[in-house]
Amino acid sequence: MIELLSKDRCISCNQCVSVCPTNVFDATEDGIPVIARKSDCQSCFMCELYCPVDALFVTPLADENVDIEETAVAEQGWLGSYREQLGWGKGRTLTVSEDASYYIFRKAHEDH
């Protein structure tokens, strides 16, 4: 479930608003979106993945109420951690080639 949108890191690009399939975020007049419907979050991680500045944290503990402190999350390196794991962003190495489904996809397209 979406737990944190860092106002300090956010650049008001509204990518999270655009990519969320369940409309969890609302755009605002000041530009920094808000988590408006947290309970609608399905923990798909799309918002965290597309945030260009790692301002979001989605916890995989979707069914639990988690008390999140931004400072602690930042210190643990959890802000944008999903995006980092996939290798999205400047200076990161893509991990798609390590995924077995990518191998199958690539082999299927080589045969044609």
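The text that follows walks through the structure, step by step, so that each part is easy to find. Here the structure is a predicted model, which is why all the values come from computation and not from measurement.

Looking now at the pattern of salt bridges. Within this structure, the stated rule accounts for 4 salt bridges. Put simply, aspartate 54 and arginine 92 hold a salt bridge, and the shortest N to O gap is 2.7 Å. Placement of aspartate 54 in the loop between helix H2 (46–50) and strand S4 (56–58) and of arginine 92 in the loop between helix H4 (81–86) and helix H5 (100–110) is noted, with a sequence separation of 38 residues between them. Look at aspartate 54 and you get buried, because its relative accessible area is 10%. Arginine 92 gets classed as partly exposed once you look at its relative accessible area, which sits at 27%. Among the charged side chains, a salt-bridge network with shared partners connects Asp54, Arg83 and Arg92.

Once that is clear, we can look at the packing of aromatic side chains. Applying the stated criterion across every chain yields a total of 3 aromatic pairs. For the ring pair tyrosine 50 and tryptophan 88, a centre distance of 5.2 Å and an interplane angle of 85° mean the geometry is edge-to-face. Of this pair, tyrosine 50 sits in helix H2 while tryptophan 88 sits in the loop between H4 and H5, placing them 38 residues apart in sequence. Residue classification places tyrosine 50 among the partly exposed residues on the basis of a relative accessible area of 31%. The exposure class of tryptophan 88 is partly exposed, given its relative accessible area of 30%.

On to the side chain of glutamate 48. Looking at where glutamate 48 falls in the secondary structure, it is placed in helix H2. Summary of buried charges: glutamate 48 has no salt-bridge partner, and the nearest side chain of opposite charge, arginine 92, is 8.3 Å away. Setting aside its immediate chain neighbours within four residues, glutamate 48 contacts Leu56, Phe57, Val58, Trp78, Gly80, Ser81, Tyr82 and Arg83.

The backbone of asparagine 14 shows a phi angle near 65°, a positive value even though the residue is not glycine. One can find asparagine 14 in the loop between strand S1 (2–5) and helix H1 (15–19). One non-glycine residue, aspartate 54, adopts positive backbone phi at about 55°.

Reading guide: rules and limits
- Residues numbered from 1 in each chain as written.
- Predicted model: local features only at pLDDT ≥ 70, side-chain atom pairs only at ≥ 80, totals over all residues.
- Heavy atoms only, no water.
- Salt bridge = Lys/Arg side-chain N within 4 Å of Asp/Glu carboxyl O.
- Helix = DSSP H or I, 4+ residues; strand = E, 2+ residues; numbered from the N terminus.
- Buried < 20%, exposed > 50% of the residue type's maximum accessible area, 1.4 Å probe, protein only.
- Phe/Tyr/Trp six-rings, centres within 6.5 Å; stacked < 30°, edge-to-face > 60°.
- Lys, Arg positive; Asp, Glu negative; His and termini not counted.
- Contact = heavy atoms within 4.5 Å.

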